[in-house]
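One-letter residues, chain by chain:
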Amino acid sequence: MRYLMMTMRDENQTAPDEKLFEEMDKFVAELSAAGVIVAAGGLDQDGMLIVQRDGELVVTDGPYAEAKETVGGFALVDVRSKEEMLEIARRSFAIGGDGVCRVHEVFL
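My aim in this report is to walk through the structure given alongside it, one point at a time. (Residues numbered from 1 in each chain as written. Predicted model: local features only at pLDDT ≥ 70, side-chain atom pairs only at ≥ 80, totals over all residues. Heavy atoms only, no water.)

A few words now on the overall build of the protein chain. The secondary structure content of the protein chain amounts to two helices and six strands. Starting at the N terminus, the α and β elements of the protein chain follow one another as β-α-β-β-β-β-α-β. Taken over the C-alpha atoms alone, the protein chain extends approximately 45 × 35 × 20 Å along its principal axes. The proportion of buried residues among the 108 residues of the protein chain is 18%. Considering only intrachain contacts with a sequence separation of at least 6, the fraction spanning at least 24 residues in the protein chain is 77%. (Helix = DSSP H or I, 4+ residues; strand = E, 2+ residues; numbered from the N terminus. Buried < 20%, exposed > 50% of the residue type's maximum accessible area, 1.4 Å probe, protein only. Contact = heavy atoms within 4.5 Å.)

The structure is reproduced here in structure tokens:
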């Protein structure tokens, strides 16, 4: 089973410090060595929005004034069960602290 796990950043959150990055890098390296992480990384806060209307692409560069939270990072994991994915989430929160993680199962 593959899951896309997206870490949400609230506009009021402080930026992560170097220690958090080091701990998360170790965690990701462990999961990569175990073959669980397919891909992972941080995302730029601005991003862009692409919408097609009446056959025309409309591209809007971020940041978006109306957005209260953005996706700060992601991990695409390949696990045996939902429970295994939840354990990865628990361990990730143990490193990063409180927050929100949106998760979607990826169908291949």
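Reading across the sheet, the four strands line up as β2-β5-β1-β6 and stay open at both edges, with antiparallel pairing between neighbours. Looking at the sheet topology across the chains shown, the edges are occupied by β2 (37-42) and β6 (100-106). On average, adjacent strands in this sheet sit at an angle of 20° to one another, irrespective of strand direction. (Pairing = 2+ DSSP bridges. Axes fitted to C-alpha atoms, helices over the stretch in contact; angles between N-to-C directions.)

Before going further, it helps to examine the packing of helix α1 (residues 18-33) against helix α2 (residues 82-96). For the pair α1 and α2, interaxial distance at closest approach is 9 Å and the crossing angle is 160°. Comparing the axis directions of α1 and α2 gives the class roughly antiparallel. With respect to the hand of their crossing, α1 and α2 are arranged in right-handed fashion. Between α1 and α2, the contacting residues are L20, E23, M24, F27, E30 and L31 on the first element and I88, R91, S92, I95 and G96 on the second. The class makeup of the residues in the contact of α1 with α2 is six nonpolar, two polar and three charged. (Parallel < 35°, antiparallel > 145°, perpendicular 65-115°, else oblique. Left-handed = near helix turned anticlockwise from the far one by under 90°. Nonpolar A, V, L, I, M, F, W, Y, C, P; charged D, E, K, R; others polar.)

Empty pockets left among the atoms are what a rolling probe the size of a water molecule brings to light. Of the pockets and cavities examined, the largest pocket occupies roughly 880 Å³. Taken together, 39 residues form the lining of the largest pocket, with T7, L20, M24, G73 and S92 sitting closest to its centre. The set of elements that each furnish at least two residues to the lining of the largest pocket consists of β1 (2-10), α1, β2, β5 (69-78), α2 and β6. Its residues assigned to classes, the lining of the largest pocket comprises 22 nonpolar, 13 polar and four charged. (1 Å grid on protein atoms, 1.4 Å probe; cavity = no way out; pocket = protein on both sides within 12 Å on 5 of 7 lines; lining within 4 Å. Points joined across faces, edges and corners; volume = space filled by probe spheres on them.)

Once that is clear, we can look at the environment of D61. Note on placement: D61 falls in strand β4 (residues 56-61). Aside from chain neighbours lying at most four places away, what touches D61 is G47 and M48.

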